[in-house]
Each structure stands twice: as C-alpha cells, then as structure tokens.
Amino acid sequence: MTDEAADLPVEAAGEPAEPAEPAEPAEPAEPAEPAEPAEPAEPAEPAGPVALGVVRTPTGHAGVDAHMARLADADHLAADGHVEVYEDVHQGLREALTALDAPPVPGPYENRS
C-alpha cells in the first residue's frame, strides 16, 4: 500500500474522494481609513421627565377617577419622585375599595324602632 491513498478522505461509498483544489487567495482588503480622533465629549445629562401619554379611562366612580388622575403627577417628576405618587394613589384606591365593603351607615330617619 502506498501512503497516497491513506491521505485521501474516503467518501460514503468507500471510494477515495478527489483532492480538494487549492483555494484562490483572497484579495487583500483595502486598508481602513483612520477614523477622525474623537473629541472628548462632555457627559450627557440625563433626559428630563417625559409624559408617557397613557390614556386614563374614567371608571364612573368619582373617588377612583380622582386617584387615577393623580397618576398624571408622576409624569412631571423624576423617577425617584414616582414612589410617593404611587404610594399615595395606592392608599387612596385601597380606601375606596374598603369603603365598598363597609356596611352602609343608617341615615337619621332609618333607625326606626
């Protein structure tokens, strides 16, 4: 046996594959133009608060609608100011829900014995 046959890859049928043709040399890439030296940029200031434009649909309950309208106050505050608004609205909505569960208070003339 010769070493030539051992160096050739074997295809699925068991016959030696043809030797691969040498790849053509790639054309040399054009040298990249040197980029202009970047001027040291001043650090960008964070963008100010921006309203999200969320549409608030009225619920028909005046108390709930007032608290939902309060959410618009957060649009004009920095992110760290949102917490106070959200907690205030959350507390107001909880109170409105609790009031729905409370038994009705009898009027002055409904307490007839």
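Residues numbered from 1 in each chain as written. Predicted model: local features only at pLDDT ≥ 70, side-chain atom pairs only at ≥ 80, totals over all residues. Heavy atoms only, no water.

Chemist: I would appreciate a short explanation of the pattern of salt bridges in the present structure.
Modeler: Two side chains with opposite charge may pair up if their charged atoms get near one another. Across all of its chains, the model carries three salt bridges by this definition. Across the pair Asp 73 and Arg 70 runs a salt bridge, and its minimum N-O distance is 2.8 Å. What you see here is one network of salt bridges that share partners, running through Arg 70, Asp 73 and Asp 88. (Salt bridge = Lys/Arg side-chain N within 4 Å of Asp/Glu carboxyl O.)

Chemist: It is not clear to me how the environment of Tyr 86 should be interpreted in this structure. Could you clarify?
Modeler: With respect to the helices and strands, Tyr 86 occurs in helix α3 (residues 79–101). The class of Tyr 86 is partly exposed, set by a relative accessible area of 44%. Each C-alpha atom, one on Tyr 86 and one on Ala 74, is 8.0 Å from the other, the two residues being 12 residues apart in sequence. When neighbours within four sequence positions are excluded, Tyr 86 is seen to be in contact with Leu 71 and Ala 74. (Helix = DSSP H or I, 4+ residues; strand = E, 2+ residues; numbered from the N terminus. Buried < 20%, exposed > 50% of the residue type's maximum accessible area, 1.4 Å probe, protein only. Contact = heavy atoms within 4.5 Å.)

Chemist: I keep staring at α3 and nothing clicks. Help me out?
Modeler: Given 3.6 residues per turn, any residue in an α-helix points the same way as the ones three and four places further on. Relative to the 33 Å expected for 23 residues at 1.5 Å per residue, α3 spans 34 Å between its end C-alpha atoms, a close match to the ideal helical length. Listed in full, the buried residues belonging to α3 are Gly 81, Val 85, Val 89, Gly 92 and Ala 96. Where the residues of α3 are buried, they touch α2 (62–70). (Expected span 1.5 Å × (residues − 1).)

Chemist: Can you help me understand the side chain of Asp 75 in this one?
Modeler: Positionally, Asp 75 belongs in the loop between α2 and α3. Setting aside residues no more than four positions away along its own chain, Asp 75 makes contact with Pro 49, Val 50, Ala 51, Leu 52 and Arg 56.

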